[in-house]
Structure formats: structure tokens, C-alpha cells
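The lines below spell out each chain.
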Amino acid sequence: MRRSPSPAEAKVTIERRVADVFNFYRDFQNLPRFLGDVMTSEQVGPATFRWTIRGPLGVRLRSTVRLTEERTNELLRYETTTAPGMRTHWTVEFSPGSEPGRTEVHEVLKTPFGRLGRMALTLVGKPPGAEVAANLRRLKQLLETGSVTDTEHAVAGKFGRPAVGDHRRPA
């Protein structure tokens, strides 16, 4: 029996209550505030959003994303609405941390074509595992400090500083 390759995943502990973290993440219009390549998120239906993403070489892509499962303060599942087999799937779990006022966030990303899809993304400078981890670090920064300084695996200049590897001086 053939095992499917493991998805990209990361975890972070945020110094905020579960309800605060869940409600912030659940408002998909907040996602551009910490996701490295999502520039805008516009709600187009009750559980459907249109994202504008800046990809490699500055290419702008539009993607429609649908919330497929929600358990308040516990779980969000969403996916792109492309053809089956071509969809990207996210699962984000929220649970109380080891101490009151802390939240554990665990995100799992499944890309189309499994390991091959992840390798292709890595070759164009978008390694899924590193991006998931960087996005969660930015979520933590934003919710704990009110600002984002982590620019790793983000569009150059999006968070006010050049991205890692971008040696240009800020304007």
C-alpha cells in the first residue's frame, strides 16, 4: 500500500486567549495582515473569499477560497475552489495552551500533487513548510505586539522591510 506524503505543517503558541486567536483568524479579511503572499482577501459569498496573491517574479494571481468546516474556537478548514485534485487544503486547529491565556495553533497545508507539488513550489522559492511556519510566526507577532517584523517567505516590502535575501535598501 502506497503512503501519501506528509503535508507541510507548523505549530506556534500565542499569548492570547483561544477565542481571540480564532476570531482574528476566522475573519479572512485579516489574512493579508500576516500571510506572506496574500495581498488582499475579499468576501464574495457567505464562506467564499477571493484572494489576490503575489507569486514568484511579482506575478499576481487570483484564487477563490472556500471555508469547508468550522468549529468555533477549535478548527478551520478551507480550500481553493479549483478542480478536484488541483486544490490546496488548509487545516488550522486552535487549542488552549499549557497556561491560561495561551493558544496553540497547528496548521497543516496539503498542496496538489503531494511531494512533487511541494518540490515544485520549493524550486520557485516558495517552500510550503517554511511558508506555513513563517505565516504562523507573523500571526503570533501581530496578535502579541500589534505589528509584523518577520519578513521571511514574504513578498518583498509587504511588511515594511525587504524580504530575507532582498539586499535592496528600503525606500
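Values in this document were obtained by computation on a predicted structure and should not be read as measured data.

Please set out unusual backbone geometry residue by residue, giving values where relevant.
One non-glycine residue, N73, adopts positive backbone phi at about 65 degrees. The topology assignment puts N73 in the loop between β4 (60-71) and β5 (75-80).

Let's hear about the environment of R102: which residues, and what values?
Tracing the sequence through the fold places R102 in the loop between β6 (89-96) and β7 (103-110). Put simply, R102 and E15 are 87 residues apart on the chain and 4.6 Å apart in space, counted from C-alpha to C-alpha. Once residues within four sequence positions are removed from consideration, R102 is found in contact with T13, I14, E15, R16, V18, S95, P96 and G97. Only 2.8 Å separates the side chain of R102 from the side chain of E15, close enough to count as a polar contact.

If you had to explain the environment of D20 to someone new, which residues and values would you point to?
Inspection of the secondary structure assignment puts D20 in helix α1 (residues 18-26). Spatially, the C-alpha atom of D20 lies 8.8 Å from that of L143, the residues being 123 residues apart in sequence.

Tell me what's going on with the sheet that holds strand β2 (residues 38-45), and back it up with residues and numbers.
Strand order in the open sheet formed by 7 strands is β1-β7-β6-β5-β4-β3-β2, and the pairing between neighbours is antiparallel. Pairing within the sheet leaves two strands with one partner each, and these edge strands are β1 (8-14) and β2. Here the average twist between neighbouring strands, direction ignored, is 20 degrees. Against the sheet, α1 touches β1, β3 (48-54), β4, β5, β6 and β7, its axis set at about 160 degrees to β6.

So, how was this worked out
Residues numbered from 1 in each chain as written. Predicted model: local features only at pLDDT ≥ 70, side-chain atom pairs only at ≥ 80, totals over all residues. Heavy atoms only, no water. Helix = DSSP H or I, 4+ residues; strand = E, 2+ residues; numbered from the N terminus. Contact = heavy atoms within 4.5 Å. Polar contact = N/O pair within 3.5 Å; in protein donor to acceptor, adjacent residues only side chain to side chain. Pairing = 2+ DSSP bridges. Axes fitted to C-alpha atoms, helices over the stretch in contact; angles between N-to-C directions.

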